Amino acid sequence: MSSAPLAFVTGGASGIGLATVKRLAEDGYHVVAVDCHRERLDALASSSNDAITPCLLDITDRRAVASAIAALPRIDALVCVAGIYQPRRWDEISDNDFQLMLNVNLLGTFIPMQEAARRMTPGSRIVTVSSRAAIGGIGFAHYVASKAAIIGLTRALAMELKERQISVNSVAPGFTDTPMTRSMPEDQYAAAQALEPTGKAADPADIAEVIAFLAAPSTRFITGQTIFVDGGKSLGGLAI
Ligand code: NAI
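Source: prediction; values computed, not measured. (Residues numbered from 1 in each chain as written. Predicted model: local features only at pLDDT ≥ 70, side-chain atom pairs only at ≥ 80, totals over all residues. Heavy atoms only, no water.)

**Topic: the overall build of the protein**
Counting secondary structure elements, the protein contains eight helices and seven strands. Computed over its C-alpha atoms, the radius of gyration of the protein comes to 17 Å, within 12% of the 18 Å expected for a compact globule of 240 residues. Expressed as lengths along the three principal axes of its C-alpha atoms, the size of the protein is roughly 45 × 40 × 35 Å. Split into buried and exposed, the 240 residues of the protein put 48% on the buried side. The long-range share in the protein, meaning contacts at least 24 apart out of those at least 6 apart in sequence, stands at 70%. Split by element, the accessible area of the protein, about 11500 Å² in all, is 55% carbon and sulfur. One way to put it: in the protein the 21 positive side-chain charges average out to a point 6 Å from where the 24 negative ones average out. (Helix = DSSP H or I, 4+ residues; strand = E, 2+ residues; numbered from the N terminus. Rg over C-alpha atoms; globule rule 2.2 N^0.38 Å. Buried < 20%, exposed > 50% of the residue type's maximum accessible area, 1.4 Å probe, protein only. Contact = heavy atoms within 4.5 Å. Areas by Shrake-Rupley, 256 points an atom, 1.4 Å probe, with all protein chains shown as cover. Lys, Arg positive; Asp, Glu negative; His and termini not counted. Charge placed at Lys NZ, Arg CZ, Asp CG, Glu CD.)

The structure is reproduced here in C-alpha cells:
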C-alpha cells in the first residue's frame, strides 16, 4: 500500500459508496472499498487501478471488520455508506424486519466507527450516511428510525472524539439515482423523482462531493454536523 492517505469506505461497490470510492481515489487517497456483494466488488476490481483495494466483508461482522481495519497501516478517513432499504407500511413491519434494519444500518455503522476510531490519530475523519428520511417518511418507519439514529450516533461520537481531533459528521442524501432506488418499480421511481425540488434524483457524485469535503483534513472545524444533500426538499416539509 502506498504512502497516500488511507480511506475505508463501506458499501463501496455500489451507488453512493462507489461514487465516494472513485472520488476519494481521485483526491489522492488509497481507498479500501468494503462491500458484502461479491459480484459488484469483482466488477470494481476489474475496472479500477492500484489506488482502490476491494474488500469483501459484512459490516455487521465485528471480527471481520476489526481484522480488516487492524491489517491497515493507518486509517485517515472512514466513510460508512453501506445500508439497506425496505418499503413496508407501519403495520407490516415484523420484528425481524426491524431488527435487520437496525443491525445493518445502525450497528453496521457503529462497528466500523468504533474499530476505526480506536486506531485513528488526530486529524482523522469519520463520515456517516444518514438520509433525508431521518426527518420522517411514509412507508418505511424502520428505515426512518435507523437513519435518525445515525444522526444521534454521529453527534455522540463527535463529542467523545473531539478531544482527539477526530471529526465525525454525517451526510443525509435525498432521493439519489443508485441501484437501491432503481430496484423500485419504474413508475414508483418516476413518481419519487417527480417529487424532488429539481424534478430529478441526485447523482451519486453529488453526494460523494459532500462526503469528500467532510473527509478532507482541511475541514477541521466541523464536527457533529449533518449536511442534508437533497436539493432543499427537507426545507419544505416531511412528505416524501
Ligand atoms: P446501494 O444499494 O446502491 O449500495 C449499498 C451497498 O451497501 C451495496 O453494494 C450493498 O451490497 C452494501 N451493503 C449492504 N449491506 C451490507 C453489509 N451488511 N455489509 C457490507 N456491505 C453492505 O445503495 P445506495 O443508494 O448507494 O445507498 C447508500 C447509502 O445511502 C445507504 O446507507 C442508504 O440508506 C443511503 N441513502 C440512499 C439514498 C438514495 O436515494 N439512494 C437516499 C438517502 C440515503
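**A few points about the site of the ligand**
Neighbouring the ligand are 28 residues; S14, D35, V81, Y143 and T178 lie closest to it. In the model, a nitrogen atom of the ligand is placed 2.9 Å from a nitrogen or oxygen of the D58 side chain. When the ligand sits alone it has 820 Å² of accessible area, and the protein chains cover 93% of it. Looking at the shell around the ligand, the element that brings in the most residues is helix α6 (residues 179–182), giving three residues. Here the shell around the ligand is built from residues that sort into 13 nonpolar, 11 polar and four charged. (Near = heavy atom within 4 Å. Polar contact = N/O pair within 3.5 Å; in protein donor to acceptor, adjacent residues only side chain to side chain. Nonpolar A, V, L, I, M, F, W, Y, C, P; charged D, E, K, R; others polar.)

**Description of the sheet that holds strand β1 (residues 6–10)**
Sheets are built from strands paired through backbone hydrogen bonds, the pairs being either parallel or antiparallel. The parallel open sheet is built from seven strands, whose spatial order is β3-β2-β1-β4-β5-β6-β7. Each having just a single partner strand, β3 (52–56) and β7 (226–229) make up the two edges of the open sheet. Strand-to-strand, the axes of this sheet are offset by a mean angle of 15°, without reference to chain direction. Examined bridge by bridge, strand β6 (residues 167–173) and β7 share four bridges and lie parallel to one another. When the sheet's bridge partners are listed, V171 is paired in β7 with I227. Packing against the sheet, helix α8 (residues 204–215) makes contact with β4 (77–80), β5 (125–129), β6 and β7, and its axis sits at approximately 170° to β6. (Pairing = 2+ DSSP bridges. Axes fitted to C-alpha atoms, helices over the stretch in contact; angles between N-to-C directions.)

**Some words on unusual backbone geometry**
Phi angles above zero are rare outside glycine, and Q165 is one such case at about 55°. Inspection of the secondary structure assignment puts Q165 in the loop between α5 (141–161) and β6.

**Remarks on the pairing of strand β2 (residues 30–35)**
Of all the six residues making up β2, six are buried; the element is thus mostly covered by neighbouring parts of the structure. What you see with β2 is no split at all: H30, V32 and V34 on one side and V31, A33 and D35 on the other are buried throughout. Bridge count for β1 against β2 is five bridges, and the pairing is parallel. From the neighbouring strand, A7 faces β2, where its bridge partner is V31.

**Some points on the environment of L235**
For L235, the location among the structural elements is in the segment after β7. For the pair L235 and V129, spaced 106 residues apart in sequence, the C-alpha to C-alpha distance is 19 Å.

**Thoughts on the nonpolar core**
Counting 28 residues, the largest nonpolar core has F8, L78, M113 and I126 as its most contacted members. For this core, the element with the highest residue contribution is helix α4 (residues 95–119), accounting for five residues. Not counting residues up to four positions away in its chain, the partners in contact with M113 are L78, C80, I126, T128, L153, L157 and V168. Counting 27 residues, the second largest nonpolar core, distinct from the first, contains A25, I52, V171 and A215. (Core = buried A, V, L, I, M, F, W, Y, C linked by side-chain atoms within 4.5 Å.)

**Regarding the packing of α4 against α5**
One can describe the packing of α4 onto α5 by two numbers: an axis separation of 9 Å at closest approach and a directional angle of 20°. Compared by their axis directions, α4 and α5 come out roughly parallel. Where α4 crosses over α5, the handedness of that crossing is right-handed. Contacts between α4 and α5 involve D97, F98, M101, L102, N105, L106, T109, F110, M113 and A117 on the former and, on the latter, H142, Y143, A145, S146, K147, A149, I150, L153, L157 and L161. Split into classes, the residues belonging to the contact of α4 with α5 amount to 14 nonpolar, four polar and two charged. (Parallel < 35°, antiparallel > 145°, perpendicular 65-115°, else oblique. Left-handed = near helix turned anticlockwise from the far one by under 90°.)

**Observations regarding the side chain of T181**
Counting through the fold element by element, T181 comes out in helix α6. A polar contact is formed between the side chain of T181 and the backbone nitrogen of T178, at a distance of 3.1 Å. With near-sequence residues (within four places) excluded, T181 lies in contact with F175, T176 and Y189.

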